[in-house]
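Listed below, chain by chain, are the residues.
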Amino acid sequence: MQIVASAPAKAILFGEHAVVYGKPAIAMALNKRAYVKVWENVENKIYVDINDLDIKGYLDFENNMILSDSPKKGILRYVLSSIKKVHDGSGLNMYIEVDIPIGGGLGSSAAVTVATIAAVSKYNKIDLSMEEIAKFAHEVELEVQKSASPLDTTVSTYGGLIYLEKDAKDIIQLEIDYNIPVIIGYTDTRGNTGKLVAGVRKRRDKYPEIIDPVINSIERLTEEAKEVILSNDKEKIIELMNINHGLLDALGVNTKELSNMVYTARNAGTCGSKITGAGGGGSIIVYCLEGTEKIIGALKKADHVLRADISKEGVKISILD
Ligand code: MEV
């Protein structure tokens, strides 16, 4: 029996980093996905091949070790931790495709984690609810990254446009009858989410009276953004995105390359532009009102560009035979 599961990438529109402190956030699932195929390994080993990243290796289930020479094998930590939630250690082949820039702030690790949990649980005839998949996936991110909010794994599990309430008390699907046309610009410089989250915490510990108001400001801005999105007030979406970018800069997660892309986009057309995700490299998100093609052209000259639509579909599982 072969099982394939897939899960989408995500882009955060509002509230990254503040969400780690229980503040609300808004994020959308993107039409870019990670795919995980699993089937039996008769030699009783756990073998993983992530073809498009040139990562191959074995997972030592008992000793919690990754046996691979691939320089970018870090993502296998998420895979090992994921299968430990729903597998007994018997032989397994895994073939993974990631149609998402890795370390680009687009939730590639969350998508691989969600899809792995979904595929391996189904292979083991364990029927997990969406809630259970999201819960296990968040636990995996916490184990691997040490500090993580449930935002990335929630969006990758459920799909759509999501408002994660304060203290992650509830997940609200924002049902809008229009598409949010966004462009993602991404750099070759990769951000390490765990380190960036730790950096913000350090800054907050050092200057609590300065950084706490920044985090509270992001909270207020995100609450306002929810209303503004629901009423499709494009001008305000733009303004709030630009303010959010400034606040992320104050938290210390901006870089010269990201800044360059953010202002390149704003100079080329009418848009809101901000870092999306952890920062420190990675991606920006641009909400275009006018001059979309010009903005894409300008960003292409500066770095890489991805057109992105909301994916309504979250995690998906199919049985091949
Ligand atoms: C990373 O995609 C988003 C952060 O807010 C971290 C997290 O929510 O765990 C930076």
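Residues take numbers from 1 onward in each chain, read along the sequence in its written order. In keeping with the predicted nature of the model, local features appear solely for residues at pLDDT of at least 70, side-chain atom pairs appear and are counted solely at 80 or more, and the whole-chain, interface and lining totals rest on all residues. Values shown for side chains rest on all heavy atoms present in the structure; no hydrogens or waters enter the calculation.

Caption draft 1: Broad picture of the pattern of salt bridges. Each salt bridge in this description consists of a side-chain nitrogen of Lys or Arg and a carboxyl oxygen of Asp or Glu lying within 4 Å of one another. One pass over the structure, following the stated rule, counts 14 salt bridges. Across the salt bridge formed by Glu139 and Lys85, the nearest N and O atoms sit 2.9 Å from each other. Of this pair, Glu139 sits in helix H3 (residues 130–145) while Lys85 sits in helix H1 (residues 75–86); the two residues are 54 residues apart in sequence, bridging distant segments of the chain. Exposed residues in this analysis have more than 50% of their type's maximum accessible area, buried residues have under 20%, and partly exposed residues fall in between, with area computed by a 1.4 Å probe over protein chains only. Take Glu139: its relative accessible area is 25%, and that puts it in the partly exposed class. Two residues, Glu143 and Lys85, come together in a salt bridge whose shortest N-O distance is 3.1 Å. Here Glu143, found in helix H3, pairs with Lys85, found in helix H1; they are 58 residues apart in sequence, far enough to count as distant. Taking relative accessible area as the criterion, Glu143 reaches 41% and is therefore assigned partly exposed. The network of salt bridges with shared partners includes Lys85, Lys135, Glu139 and Glu143. What counts as a helix is a DSSP run of H or I of at least four residues, what counts as a strand is a run of E of at least two, and both are numbered from the N terminus.

Caption draft 2: Layout of the domain arrangement of the protein. Each domain span listed reflects an automatic or database assignment of domains. Taken domain by domain, the protein comprises domain 1 (2–176 + 311–320) and domain 2 (182–308). On a C-alpha basis, the centres of domain 1 and domain 2 stand 24 Å from each other. In this complex, domain 1 contributes 32 residues to the contact, which on the side of domain 2 involves 41 residues. Two parts placed together each lose some accessible area under a 1.4 Å probe, and the buried area is that loss summed for both. For the pair domain 1 and domain 2, the two sides together bury roughly 3000 Å², of which 70% comes from carbon and sulfur. Contact with domain 2 buries surface across domain 1, with Phe14, His17 and Tyr21 losing the most and accounting together for 25% of the total. With its nearest N and O atoms 3.1 Å apart, the salt bridge here joins Glu219 to Lys23. Whenever two N or O atoms come within 3.5 Å, that pair is a polar contact, provided that in protein one can donate a hydrogen and the other can accept it, and provided that, for residues adjacent in sequence, both atoms are side-chain atoms. At the boundary of domain 1 and domain 2, one finds 12 residue pairs in polar contact (both at pLDDT 80 or more). Secondary-structure elements contributing two or more residues to the side of domain 1 that touches domain 2 are strand E1 (3–14), strand E2 (25–40) and strand E7 (161–164). What makes two residues a contact is simply this: any of their non-hydrogen atoms within 4.5 Å.

Caption draft 3: Inspection of the layout of surface pockets at higher detail. Cavities and pockets are found on a 1 Å grid laid over the protein atoms alone: a cavity is a set of points where a 1.4 Å probe fits but cannot escape, a pocket is an open set with protein on both sides within 12 Å along at least five of seven lines, and a lining residue has an atom within 4 Å of such a point. Grid points are joined across faces, edges and corners, and a volume is the space filled by probe spheres set on the points. Roughly 210 Å³ of volume is contained in the second largest pocket. If you go around the second largest pocket, you meet 13 residues; those closest to its centre are Glu131, Ala134, Thr154, Ala168 and Ile171. In terms of residue count, H3 provides more of the lining of the second largest pocket than any other element does, 5 residues in total. When the residues that make up the lining of the second largest pocket are grouped by side-chain class, the tally is 6 nonpolar, 2 polar and 5 charged. Only Asp, Glu, Lys and Arg are considered charged in this grouping, and only Ala, Val, Leu, Ile, Met, Phe, Trp, Tyr, Cys and Pro are considered nonpolar; every other residue, Gly among them, is considered polar.

Caption draft 4: Molecular detail of the site of the ligand. Around the ligand sit Lys10, Ile12, Glu16, His17, Val19, Val20, Ala148, Ser149, Asp152, Val197, Gly277 and Ala278, and those are all the residues in its vicinity. Interatomic distance of 3.0 Å between a side-chain N/O atom of Lys10 and an oxygen atom of the ligand. Between the ligand and Asp152 there is a distance of 2.9 Å, counted from an oxygen atom to a side-chain nitrogen or oxygen. Here the ligand loses 98% of its free accessible area of 300 Å² to cover by the protein chains. Split into classes, the residues belonging to the shell around the ligand amount to 6 nonpolar, 3 polar and 3 charged. Counting contributing residues, the shell around the ligand receives three or more from each of domain 1 (2–176 + 311–320) and domain 2 (182–308). The rule for a residue being near a molecule or strand is that one of its heavy atoms must lie within 4 Å of it. Computed with a 1.4 Å probe, the accessible areas rest on the Shrake-Rupley method; for each residue, only the protein chains presented here act as cover.

Caption draft 5: Representation of the packing of aromatic side chains. Working definition: rings of Phe, Tyr and Trp (its six-membered ring) pair if their centres are within 6.5 Å, and the pair is stacked with planes under 30 degrees apart, edge-to-face with planes over 60 apart, and tilted otherwise. Per the stated rule, a full pass over the model turns up 1 aromatic pair. For the pair Tyr47 and Tyr58, a centre-to-centre distance of 5.1 Å together with 50° between the ring planes defines the contact as tilted. Placement of the pair is Tyr47 in strand E3 (residues 46–50) and Tyr58 in strand E4 (residues 55–60), with a sequence separation of 11 residues. Of the residues examined, Tyr47 reaches a relative accessible area of 24% and is grouped as partly exposed. Looking at Lys37, its charged tip hangs above the ring of Trp39, at a distance of 5.7 Å from the centre. The residue whose ring lies beneath Lys84 is Phe61, and the NZ or CZ to ring-centre distance is 5.2 Å. Note on criteria: charge over ring means Lys NZ or Arg CZ within 6 Å of the ring centre, with the direction from the centre no more than 35 degrees off the ring normal.

Caption draft 6: Examining the environment of Lys122 more closely. Tracing the backbone through its elements, the reader meets Lys122 in helix H2 (residues 108–123). On the basis of relative accessibility, which here comes to 25%, the residue Lys122 falls in the partly exposed class. The spatial distance from the C-alpha of Lys122 to the C-alpha of Ser318 is 9.0 Å, given a sequence separation of 196 residues. Aside from chain neighbours lying at most four places away, what touches Lys122 is Ile3, Asp127, Ile317 and Ile319.

Caption draft 7: Geometry of the pairing of strand E6 (residues 92–98). Within E6, 5 of the 7 residues are buried, which leaves it mostly tucked inside the rest of the structure. Between any two strands, at least two bridges found by DSSP are needed for them to pair. Relative to E6, E2 runs antiparallel, the two being bridged by 7 bridges. Looking at the pairing, Ala34 lines up with Val98 of E6. Taken together, the 5 bridges between E3 and E6 define a ladder with parallel strand orientation. Paired with Ile50 across the two strands is Ile96, which belongs to E6.

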